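Spelled out from the first residue to the last, the chains are:
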Amino acid sequence: MAFSVAIPVAAMAAEGNPAAGKARAEAAGCFACHGVDGVATADGLATDKNDPNLAAQPDLYLQFQLVFFRKGVRKNEVMNAMAQQLSDDDLRNVSAYFASLPPPNPPAPPDAAPQDTELGSKVAQAIHCTNCHGDHFEGVDNIARLAGQREDYVYEALRDFKSGARTSTGAAGMAEVVYPLGDLEMKALAHYVSGLR
């Protein structure tokens, strides 16, 4: 399956137009869930989980995910239907728009769970998250930005990777990476990366 997906995705990896992408994202209804500034505004609209922040995600990562939704490799009823309506140029432009936005940077509240932050940092080091996600979890190429991502979204994604409900679409097999983690470690890891700026 990876080979059949790789060819169209490689063809998608081209520079888009952020201004055109903003207009197309608005018309497609992206802002209702992911916000005009790329910071998710609502829970449960695009998925049965919390919607992710898209601001400052790597352009190539966003292109890949939209192609995977369009091809049905990544499953989500709403996103599969929305991606079907996007042309290749639309995918490039929408991805370029969200990638061009500044990362989420809300004021850092006091850490409500410093023990989770400490454990999450240790887990991230143990499973070498920065090897793929970047030294500051900023995302690299077709690998997602985790810094500042919604904690509940990251936790659910980790659980889905571990259970096989979501298949890995990046350079590393996420199922294998998270397999040794228990629920406590996954929650702590999600807490840790969500607090990074």
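The rules behind the values
- Residues numbered from 1 in each chain as written.
- Predicted model: local features only at pLDDT ≥ 70, side-chain atom pairs only at ≥ 80, totals over all residues.
- Heavy atoms only, no water.
- Helix = DSSP H or I, 4+ residues; strand = E, 2+ residues; numbered from the N terminus.
- Buried < 20%, exposed > 50% of the residue type's maximum accessible area, 1.4 Å probe, protein only.
- Contact = heavy atoms within 4.5 Å.
- Areas by Shrake-Rupley, 256 points an atom, 1.4 Å probe, with all protein chains shown as cover.
- Phe/Tyr/Trp six-rings, centres within 6.5 Å; stacked < 30°, edge-to-face > 60°.
- Salt bridge = Lys/Arg side-chain N within 4 Å of Asp/Glu carboxyl O.
- Expected span 1.5 Å × (residues − 1).
- Arc of directions from axis to C-beta.

*Asks:* I would appreciate a short explanation of the overall build of the protein in the present structure.
*Replies:* The helix and strand tally for the protein stands at 11 helices and 0 strands. The linear arrangement of helices and strands in the protein, starting from the amino end, is α-α-α-α-α-α-α-α-α-α-α. Out of the 197 residues belonging to the protein, those deemed buried represent 48%. Summarising the internal contacts of the protein: among those between residues at least 6 apart in sequence, 69% fall at separations of at least 24. Total accessible area on the protein stands at roughly 9,900 Å², and carbon and sulfur atoms take up 57% of it.

*Asks:* Just to check I follow, could you spell out the packing of aromatic side chains for this structure?
*Replies:* To describe a pair of aromatic rings, you give the distance between the ring centres and the angle between the ring planes. One pass over the full model with this rule turns up 5 aromatic pairs. Taking the centre distance of 5.9 Å and the plane angle of 90 degrees together, the rings of F64 and F68 count as edge-to-face. A residue pair is termed a helical-turn pair when its members lie 3 or 4 positions apart in one helix, as F64 and F68 do in helix α4 (residues 59-71) at 4 residues. Each member of the pair, F64 as well as F68, is classed as buried.

*Asks:* Teacher, can you tell me more about unusual backbone geometry here?
*Replies:* Leave glycine aside and you will find that most residues have negative phi; peptide bonds, for their part, are mostly trans. One non-glycine residue, A56, lies in the positive phi region at around 65 degrees. Topologically, A56 is positioned in the loop between α3 (31-34) and α4. The backbone phi angle of H128 is positive, close to 60 degrees, even though this residue is not glycine. Secondary-structure assignment places H128 in the loop between α7 (114-126) and α8 (130-133).

*Asks:* Hey, could you run me through the pattern of salt bridges in this one?
*Replies:* Side chains that carry opposite charge are capable of pairing whenever their charged atoms lie near each other. For the structure shown, the criterion picks out 7 salt bridges. As a salt-bridge pair, R24 and D90 come within 3.1 Å of each other at their nearest N and O atoms. With R24 in helix α2 (residues 18-28) and D90 in helix α6 (residues 88-100), this residue pair connects regions lying 66 residues apart in the sequence. Look at R24 and you get partly exposed, because its relative accessible area is 22%. Among the residues examined, D90 registers a relative accessible area of 16% and is labelled buried. With a shortest N-O distance of 3.8 Å, R150 and D152 are connected by a salt bridge. Relative accessible area serves as the criterion here: at 30%, D152 is assigned to the partly exposed category.

*Asks:* Sorry, what's going on with the environment of D141 here?
*Replies:* For D141, the location among the structural elements is in the loop between α8 and α9 (151-163). On the basis of relative accessible area, D141 is assigned to the exposed category, the value being 52%. Distance in space between the C-alpha atoms of D141 and F64 is 10.0 Å, their sequence separation being 77 residues. Once residues within four sequence positions are removed from consideration, D141 is found in contact with P58, L60 and Y61.

*Asks:* Would you mind going over α7 with me for this structure?
*Replies:* A turn of α-helix holds 3.6 residues, and therefore any two residues three or four places apart point the same way. In this model, α7 (13 residues) spans 18 Å end to end at C-alpha, consistent with the 18 Å of a helix rising 1.5 Å per residue. Along α7, the positions that sit buried rather than exposed are G120, S121, V123 and A124. On an axial view of α7, the arc spanned by its buried residues comes to 165 degrees, and they lie on one face. Facing away from the buried side of α7 by over 90 degrees, the exposed positions are Q115, Q125 and A126. On the buried face of α7, the contacting elements are α11 (183-194). Two residues or fewer past α7, H128 is found with a positive phi of approximately 60 degrees.

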